[in-house]
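A structural walkthrough
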Amino acid sequence: MSASDSPSSSRRVVWLLALMGLVAYALRTNIAIAQEYLAPELGLTMVQMGVISAWGFQLAYTLGQVPGGAMGDRHGARLVLAVASRGWAVASLASGAVMGSGMVAFAGLFAARVLLGASQAATYPVSAVAVARHVPEGGRTAASAIYLAASTLGAALAPLTLTPLMARAGWRAVFLASAAVGVAAAVTWFVLAPRDRPAPVSPAAMRGAPSLWQQTGRLLQNASLRRLCAAYLLHSAVLYVFFFWFFRYLIEARGFTLLETGVWASLPYLLATVAAPLAGMLADRLAQRVGLATARRRVAISGLTLAALLVLTGAWIPTPTLAIVALSLSAACLISCEAPFWTTAAALGREGEGAATGVLNLMGNVGGILSIWLVPLMKDAWGWFAMLAFWAAVALVAAALFASTGRDDRIGTT
């Protein structure tokens, strides 16, 4: 942390990052709301909308993780996140301005979502850089948990605010409003975030600096980081089961109506908004007795294990309401593990916090893509209960992998 950072400055960084995380998630989920009106008007099928989201946004977002984080390491969080968030606004504006129909509209919307994915890729790796440089080491897990929890709140608030707007003003208003919010967030961050003070680097040192891929290769020489990334891939694969298939589970397996499902589907995000910061504070408090690395590891292992047990409970309980509560708590436990993962990766990255967390999130998105693809195949072959039991086992494997990480002295102790 910079010597000039006061406690009030550190708190300001955390709440600004929470604002950026909330806005980022709201803007990435706006297409799921707008497509109900957008697709019929532009002559697009839901299969095409899936391609736009998976191979437009998601692929660009995944591939941009390491470059985005490395830019944060080199140029500082204030500048990079300000530029990136302006990209969110431009992408939203471009999405709302798509014209034509059929393949013309498809190409325009695909390009806009690629831009959104590429610009949002820097969000969380660069946020990790900001926390590492402006928050004291003993408070970083709680700080990370707060801005990560704000993202889940953004996912919960988006349908509550954008759906009524679309009903009154049409689908283009969803993207125009998103663009305005993106601009406001970019300006707020750039004006209020503290300036980064990178150490002066000579031209000779810059010429001798490792390339992005060399830096990534050096990071992956750390066995602890490799195991952590493998654990995060599995953790994210389980979490994406909730993100993408919980809505369908409530309708198909539990018999809820569409309107009932819309209400219950927000419960995991609302619970996580409360649980994640509490888990982060618990890790930082526990670190005062056992050290940062051990505290983060224990919280993550406990969260993953509890999530697995709750998945099995929710899949087995015959009462639909109790099942939903158990599964929602499971999702909240998984989200509460995010901060220990991210702060551990940043600690292992040392001065390359952005690149290290970029590698972590790249692996997490790979896990998400795999589970999005596998879940419907597994459900059709095995049924809902066996499919959920499989992912509960995956969560336990992730816990075992995390248990083997963090023993590197570069994580630090208190």
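Not measured: the values here are computed from a predicted model.

Our focus in this paragraph is the confidence of the model for the protein chain. Per-residue pLDDT for the protein chain averages 81, and the proportion of residues at 70 or more is 86%. Within the protein chain, helix α8 (residues 171-192) carries the highest mean pLDDT (92), whereas helix α9 (residues 203-207) carries the lowest (43). In the predicted structure, residues 199-208 sits below a pLDDT of 50 and forms two contacts with residues beyond four places in sequence or in another chain. Low pLDDT, under 50, characterises residues 408-414; the predicted model gives this stretch 22 contacts beyond four residues in sequence or across chains.

The next thing to look at is the packing of aromatic side chains. Given two aromatic rings, their pairing is described by the distance between the two centres and the angle made by the two planes. Here the structure, examined in full by the defined rule, presents 10 aromatic pairs. A centroid spacing of 5.8 Å and a plane angle of 65° characterise the contact between Trp382 and Phe390, whose relative ring orientation is edge-to-face. Linked through ring pairs, Tyr124, Tyr147, Tyr232, Phe341, Trp342 and Phe402 together constitute an aromatic cluster. Sitting over the ring of Tyr25, Arg28 keeps its end group 4.2 Å from the ring centre.

Let us now look at the packing of helix α4 (residues 77-96) against α8. One can describe the packing of α4 onto α8 by two numbers: an axis separation of 8 Å at closest approach and a directional angle of 165°. By the angle between their directions, the pair α4 and α8 is classed as roughly antiparallel. Crossing of α4 against α8: the hand is left-handed. Across from Ala77, Arg78, Leu81, Ala82, Ser85, Arg86, Ala89, Ser92, Leu93, Ser95 and Gly96 in α4, the residues of α8 making contact are Trp171, Arg172, Phe175, Leu176, Ser178, Ala179, Gly182, Val183, Ala186, Trp189 and Phe190. Grouping the amino acids of the contact of α4 with α8 by side-chain chemistry returns 13 nonpolar, six polar and three charged.

Our focus in this paragraph is the packing of α4 against helix α6 (residues 123-134). Packed helices, taken two at a time, are described by the angle their axes make and the gap between the axes. Running from N to C, α4 and α6 cross one another at 155°; their axes reach a closest spacing of 10 Å. Judged on the interaxial angle alone, α6 and α4 are roughly antiparallel. Like other packed secondary-structure pairs, α4 and α6 cross with a definite hand, here left-handed. For the pair formed by α4 and α6, the contact residues are Ala77, Val80, Leu81 and Trp88 on the first element and Thr123, Val126, Ser127 and Ala130 on the second.

In total, this model carries three cavities of 30 Å³ or more according to the counting rule given. The space that makes up the largest cavity amounts to roughly 250 Å³. Lining the largest cavity are 18 residues, with Tyr25, Tyr232, Phe243, Glu338 and Asn361 sitting closest to its centre. Of all the secondary-structure elements, those providing two or more residues to the lining of the largest cavity are α1 (7-42), α7 (140-169), α11 (223-252), α16 (338-349) and α17 (353-382). The element best represented in the lining of the largest cavity is α11, accounting for five residues. Looking at side-chain class alone, the lining of the largest cavity contains 10 nonpolar, six polar and two charged residues.

Rules behind the numbers
Residues numbered from 1 in each chain as written. Predicted model: local features only at pLDDT ≥ 70, side-chain atom pairs only at ≥ 80, totals over all residues. Heavy atoms only, no water. pLDDT = per-residue confidence, 0-100. Helix = DSSP H or I, 4+ residues; strand = E, 2+ residues; numbered from the N terminus. Contact = heavy atoms within 4.5 Å. Phe/Tyr/Trp six-rings, centres within 6.5 Å; stacked < 30°, edge-to-face > 60°. Lys NZ or Arg CZ within 6 Å of the ring centre and 35° of its normal. Axes fitted to C-alpha atoms, helices over the stretch in contact; angles between N-to-C directions. Parallel < 35°, antiparallel > 145°, perpendicular 65-115°, else oblique. Left-handed = near helix turned anticlockwise from the far one by under 90°. Nonpolar A, V, L, I, M, F, W, Y, C, P; charged D, E, K, R; others polar. 1 Å grid on protein atoms, 1.4 Å probe; cavity = no way out; pocket = protein on both sides within 12 Å on 5 of 7 lines; lining within 4 Å. Points joined across faces, edges and corners; volume = space filled by probe spheres on them.

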